[in-house]
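Close look at the chain arrangement
Okay, here's what each chain looks like letter by letter:
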Amino acid sequence: MAINDIYTDGIASGWDVRDAAGFTAPQNLEADVVIIGTGAGGGTTAEILAAAGLKVLMLEEGALRTSADFKAMNEARAYAELYQEGTGRATSDGAIGIFQGRTVGGTTTVNWTSSFRTPPETLKQWAEVHGVKGWSADESKPWFDDRSERLGIAPWGMAANANNAVLQRGAEKLGWEWHVIPRNVRGCWNSGYCGMGCPVNAKQSMLVSTIPAALQSGATLVHRLSVQRLKFAGGRVSELEAQALGADGQTPTGVAVTVRAKHFVLAGGAINNPALLLRSKTIDPHGRIGLRSFIHPVAFTFADMPEPVNGWYGAPQSVASDHFQWQGDFSQAPGFKLEAPPIYPMLTAALFGRIGPELAADIGLMPHFNILLALVRDGFHPDSPGGQIRIDDAGNPVFDYELSDYLGRGFRNGLLRMAEAQFAAGAKRVVPAHLDGEWASSWGAAKTQIEALPMKKHRLTLATAHLMGGCAMGEDAKQSVVRSDGSHHQLENLSIIDGSVFPTSIGANPQLSIYALAARNATLLAQRLKPA
Amino acid sequence: MNPASGATALGRRDFLKLSAGSAALLSAGAFSATLAGCSQDQPPAAGYRFLRAPDIKLFIALAPVILDTTLPIENRASSLDALAKGIDGGCALLQAPLQKTLRQLFDLLNTGLTRRLTTGVSEPWEQASEAEIRAFLQRWENSSIGLFNSGYRALTKLVAATWFAGPVGLAAAGYPGPWAPMFDAVNAA
């Protein structure tokens with residue numbers, strides 16, 4: 001059956017979508033509001049501002065790829081075309097791999113659809129420790145309701161796939177809390193290919209929801225355009241300079257684009273926003289730009305299950321456990337959320353980390369693999385201050401993230417609990433993703449092994465798909481970059497609306513946290529720019 | 001200069017000594033080519049965007065050891081060629097900071113003196129035996145110095161992720177292919 005491509009139809013109906021790769025002469029663009037980045041923050045903001053009657057210009061450095069481009073359902077192609085640095089992005093020392101989108105819709109085009117509300121504990125921490133105002137559990141609830149309705153977010157209604165069922169079964173056997181993950185889908189086929197772009201437009205990413213709505217309201221989208229710097233005059237952002245990228249999406253063509261606007265919104269994410277501000281030498285009297293960058297560092301265990309799992313098929317994430325997230329003494333170790341990632345072969349091989357005969361003996365068991373992940377909640381303790389985004393001499397982002405003994409205890413606790421759950425669910429063998437990891441045949445053996453593993457960078461396999469912070473919000477300008485409503489402390493016509501404003505990590509996959517806060521702050525911005 | 005001309009054979013003790021010294025030198029955690037003392041501005045190999053001729057030889061030598069029997073004997077030359085092209089494509093997508101780190105790693109491994117000192121392999125990669133390569137990889141994997149662990153991670157991840165993205169590697173991993181009900185539907189004419 002043919003799936004209508006939203007953009008083919010939309011562009012035919014008059015949507016203003018421009019590919020900067022095709023620009024042959026310098027461009028001067030103008031708008032009421034220019035939004036840099038089209039992910040969870042930028043997409044949400046664009047729809048709301050455009051609906052308010054403002055002339056909105058969306059800029060995206062990635063290319064426009066749509067359902068017609070996702071039909072190959074091919075991991076290598078998706079990673080090369082839709083992700084930052086082809087999924088090769090990493091912290092500056094290479095120790096932590098970074099999965100982040102780089103396409104129209106940003107990470108929402110390629111994420112695994114998990115949609116959690118910001119936990120009340122996190123909101124309380126923001127209010128009490130980080131000076132965030134007006135975003136309590138009660139104040140945020142209507143916005144979470146609103147976004148859930150807008151994006152079809154509801155607990156997954158079908159049975160968990162066999163990979164997620166391992167976590168469910170393990171948690172049930174051990175008496176742990178577990179829950180069904182809410183997903184942002186409508187008419188989902190349960191294929192499991194969310195990470196490669198949804199070929200049937202079921203995932204309610206920004207690509208198929210808010211961005212089309214903004215375009216329908218008269219907004220403009222320019223893609224393959226990389227914003228280089230903001231320029232300032234009289235306490236305001238006066239314009240921005242950007243460069244067109246070629247058809248490869250990487251190489252500048254030499255065509256310059258200048259954009260003037262009444263208001264500028266940064267929504268490029270927790271790595272690119274701080275880098276743009278630093279490149280632009282943005283006023284930063286308290287040196288806050290790029291600090292407190294959080295990632296939910298993730299540790300993994302692999303299980304060899306007796307039954308076929310085929311974890312590449314079926315909704316990639318449908319079961320999670322918060323049993324170790326919010327209950328306990330967090331003065332010694334951070335809490336963590338337990339989930340399962342999809343068993344995409346390329347991703348799995350990269351995480352597996354074994355070579356030679358060990359690789360050859362086990363990689364063919366991939367149909368029987370279950371993988372669990374522990375998403376460690378960083379930023380809630382003085383020994384977990386997050387990383388720092390800086391720029392190199394050429395202005396490229398560089399992300400330093402150090403581990404502490406405090407985080408290390410969280411990783412170890414996570415590895416232990418995951419192995420315990422996998423054995424409780426019937427695993428034959430379990431191996432922690434670590435250079436010193438060995439297959440263990442019982443929970444007792446796994447426990448002994450994991451208790452002795454060094455929680456060292458490069459030895460422990462670590463990755464992240466959640467980039468948060470670096471432009472923290474709060475009412476105290478000494479501690480933050482923007483106010484709680486996203487407005488910049490020093491520059492009156494600059495706002496930051498995306499996950500980079502979070503003052504800690506979320507403690508859950510962040511997309512819905514971004515949607516809700518962005519919807520509230522974009523609504524406030526619309527009222528400010530267009531008084532009724 | 002001929003990078004192979006400067007050093008005599010060095011034993012494991014010397015390797016460890018240099019390792020500690022070089023790790024201390026590289027405070028940023030990046031591999032440095034300063035020890036090599038050679039010009040590193042060689043362009044990518046013909047048909048490649050990032051890898052230079054010696055880098056390709058390096059991966060062609062390492063891959064059979066890393067991939068073991070998941071890399072079939074039949075059509076091995078063309079498999080390795082495709083693998084090198086795939087690794088090249090991945091490297092080309094990286095931004096400058098990580099590309100610089102990889103360049104330094106490859107320089108370190110492709111300059112005679114630093115290759116011998118840090119890997120214990122005295123011949124150029126295309127002449128090294130599988131046993132020597134295996135010993136080098138184990139040495140870097142088990143080193144107490146994070147820098148060498150990170151080099152091991154980078155090399156093995158580039159090879160494994162690329163190999164298990166292609167048809168032969170996917171078959172070896174037991175992947176049956178895209179979910180047929182959807183794949184067939186969306187690709188129907």
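Starting afresh in each chain, residues are numbered from 1 along the sequence in its written order. Numbering of ligands from 1 and lettering of chains from A proceed in the order in which they are written. Thresholds applied to this predicted model are a pLDDT of at least 70 for local features of residues and 80 or more for the giving and counting of side-chain atom pairs; totals over whole chains, interfaces and linings are not thresholded and use all residues.

**Focus on the overall build of chain B**
Labels follow the DSSP assignment, with helices taken as runs of H or I lasting at least four residues and strands as runs of E lasting at least two, numbered in each case from the N terminus. Across its full length, chain B holds nine helices and zero strands. Mapped from its N terminus to its C terminus, chain B presents α and β elements in the order α-α-α-α-α-α-α-α-α.

**Quick notes on the overall build of chain A**
Along the backbone of chain A there are 13 helices and 22 strands. Atoms counted for the radius of gyration: C-alpha only. Globule rule: 2.2 Å times residue count to the power 0.38. The C-alpha radius of gyration computed for chain A amounts to 22 Å, which stays within 12% of the reference 24 Å derived for 532 residues, consistent with globular compactness. C-alpha atoms of chain A, sized along the principal axes, occupy 65 × 55 × 45 Å. Counts of 20 or more other C-beta atoms within 10 Å of a residue's own C-beta define buried residues, counts of 12 or fewer define exposed ones, and intermediate counts define partly exposed ones; C-beta atoms are placed from the backbone. Here chain A holds 532 residues, and the buried ones make up 63% of them. Long-range pairs, those at least 24 residues apart, make up 76% of the contacts in chain A with a sequence separation of at least 6. Placing a C-beta atom from the backbone of each residue, one calls two residues in contact when those atoms lie within 7 Å.

**A closer look at the nonpolar core**
Remark: nonpolar core denotes a set of buried Ala, Val, Leu, Ile, Met, Phe, Trp, Tyr and Cys residues whose joining runs through C-beta atoms within 7 Å. Membership of the largest hydrophobic core comes to 225 residues, with the highest contact counts inside it found for Val 34, Ile 35, Leu 49, Val 56 and Leu 59 of chain A together with Leu 62 and Val 159 of chain B. Residue ranges assigned to each domain were obtained from an automatic or database domain assignment. In this structure, this core is formed jointly by two domains, domain 1 (6-84 + 98-113 + 116-150 + 189-286 + 472-529) and domain 2 (162-184 + 298-377 + 404-456) of chain A, each of which donates at least three residues. Setting aside chain neighbours within four positions, we find Leu 49 of chain A in contact with Val 33, Leu 54, Val 56, Ala 522, Leu 525 and Ala 526 of chain A.

**Re the confidence of the model for chain B**
Residues and elements named next belong to chain B. Chain-level pLDDT for chain B is 84 on average; 78% of the residues reach the 70-or-more range. Per-residue confidence from the predictor is reported as pLDDT, which spans 0 to 100. Across chain B, the secondary-structure element scoring lowest on mean pLDDT is helix α1 (residues 12-25), at 42, and the one scoring highest is helix α2 (residues 53-67), at 98. Scored below 50 in pLDDT, residues 1-30 shows 37 contacts in the model against residues more than four places distant or in partner chains. Listed scores for the predicted complex are pTM 0.94 and ipTM 0.95.

**Focus: the interface of chain A and chain B**
Across the boundary between the two partners, chain A contributes 45 residues, which contact 43 residues of chain B. Elements with a contribution of two residues or more to the side of chain A that touches chain B: α3 (75-82), α9 (345-352) and α10 (356-362) of chain A. Amino acids outside the nonpolar list (Ala, Val, Leu, Ile, Met, Phe, Trp, Tyr, Cys, Pro) and the charged list (Asp, Glu, Lys, Arg) are all regarded as polar, and Gly is one of them. Split into classes, the residues belonging to the side of chain A that touches chain B amount to 27 nonpolar, ten polar and eight charged.

**A look at the pairing of strand β2 (residues 27-36) of chain A**
All names here are of chain A. Two strands qualify as a pair provided DSSP detects at least 2 bridges between them. Sheet analysis places β2 next to strand β11 (residues 252-266), joined by nine bridges and oriented parallel. Each bridged residue has a counterpart across the sheet, and for Ile 36 the counterpart in β11 is Leu 266. For a crossover, the right-handed case is the one in which the path from the first strand over the helix to the second runs clockwise, viewed with the strands pointing away from the viewer. Handedness of the crossover joining β2 and strand β3 (residues 56-60) through helix α2 (residues 40-51): right-handed.

**A closer look at helix α11 (residues 405-424) of chain A**
Over its 20 residues, α11 of chain A extends 28 Å from the first C-alpha to the last, a length consistent with the 28 Å expected when each residue adds 1.5 Å. Counting buried residues along α11 of chain A, 15 of its 20 residues qualify, which places the element largely inside the surrounding structure. The span you would expect from a helix comes to 1.5 Å times its residue count less one.

**A word on the domain arrangement of chain A**
Residues and elements named next belong to chain A. Once the domains are mapped, chain A shows domain 1 (6-84 + 98-113 + 116-150 + 189-286 + 472-529) and domain 2 (162-184 + 298-377 + 404-456). Inter-centroid distance (C-alpha atoms) of domain 1 to domain 2 is 32 Å. Across the boundary between the two partners, domain 1 contributes 17 residues, which contact 18 residues of domain 2.

**Structural notes on the packing of helix α6 (residues 162-174) of chain A against α11 of chain A**
Think of two packed helices as two axes; the pair is described by the angle between the axes and how far apart they sit. All names here are of chain A. The axes used here are C-alpha line fits, helices contributing only the stretch in contact, and every angle between their N-to-C directions lies in the interval 0 to 180 degrees. For the pair α6 and α11, the least separation of the axes is 7 Å and the interaxial angle reads 90°. By the angle between their directions, the pair α6 and α11 is classed as roughly perpendicular. Every residue of α11 that contacts α6 at Val 166, Leu 167, Gly 170, Ala 171, Lys 173 and Leu 174 is listed here: Glu 420, Ala 421, Gln 422 and Ala 424. Each residue belonging to the contact of α6 with α11 can be placed in one class, and the counts come to six nonpolar, two polar and two charged. When an angle is under 35 degrees it counts as roughly parallel; over 145 it counts as roughly antiparallel; between 65 and 115 it counts as roughly perpendicular; any other value is oblique.

**Regarding the pairing of strand β19 (residues 429-432) of chain A**
The side chains of a regular strand alternate, residue by residue, between the two faces of the sheet. Residues and elements named next belong to chain A. Of the two faces of β19, the one holding Arg 429 and Val 431 and the one holding Val 430 and Pro 432 are both buried throughout. Taken together, the four bridges between strand β13 (residues 298-304) and β19 define a ladder with antiparallel strand orientation. Within β19, the position partnered with Asp 304 by the bridge is Arg 429.

**What to know about α6 of chain A**
Working note: α-helix, 3.6 residues per turn, so residues spaced by three or four point in the same direction. Residue and element names in this part refer to chain A. Along its 13 residues, α6 runs 18 Å from first to last C-alpha, staying within 8% of the 18 Å computed at 1.5 Å per residue. Among the residues of α6, those classed as buried are Ala 162, Asn 163, Asn 164, Ala 165, Val 166, Leu 167, Gln 168, Gly 170 and Ala 171. Close packing links the buried residues of α6 with β13, β14 (319-320), β15 (336-339), β16 (369-376) and α11. After α6 finishes, the residue Gly 175 shows a positive phi value of roughly 75°.

**Notes on the packing of α2 of chain A against helix α13 (residues 511-529) of chain A**
Residues and elements named next belong to chain A. Contact pair α2 / α13: the axes reach a minimum separation of 8 Å and the direction vectors enclose 35°. The handedness of the crossing between α2 and α13 is right-handed. Side by side, α2 and α13 meet where Ala 40, Gly 41, Thr 44, Thr 45, Ile 48 and Leu 49 of the first sit next to Gln 511, Ile 514, Tyr 515, Ala 518, Ala 519, Ala 522, Thr 523, Leu 525 and Ala 526 of the second. Of the residues belonging to the contact of α2 with α13, the class tally is ten nonpolar, five polar and no charged. The handedness criterion is simple: a crossing whose near helix is rotated anticlockwise from the far helix by less than a right angle is left-handed, and one whose near helix is rotated clockwise is right-handed.

**Section: the environment of Val 186 of chain B**
Positionally, Val 186 of chain B belongs in helix α9 (residues 180-187). Taking the C-alpha atoms as reference, Val 186 of chain B lies 26 Å from Thr 162 of chain B; in sequence the two are 24 residues apart.

**Here's the deal with unusual backbone geometry**
Residue Thr 113 of chain A is not a glycine yet carries a positive backbone phi of 75°. Note that Thr 113 of chain A resides in the loop between β4 (96-98) and α4 (120-129). On the basis of neighbour count, Thr 113 of chain A is assigned to the buried category, with 27 C-beta atoms found within 10 Å. Its identity as a non-glycine residue notwithstanding, Asp 68 of chain B has a phi of 50°, on the positive side. Looking at the secondary structure, you find Asp 68 of chain B in the loop between α2 and α3 (76-92).

**Things to note about the environment of Leu 49 of chain A**
Secondary-structure assignment places Leu 49 of chain A in helix α2. Exposure remark for Leu 49 of chain A: the 29 C-beta atoms within 10 Å place this residue in the buried category.

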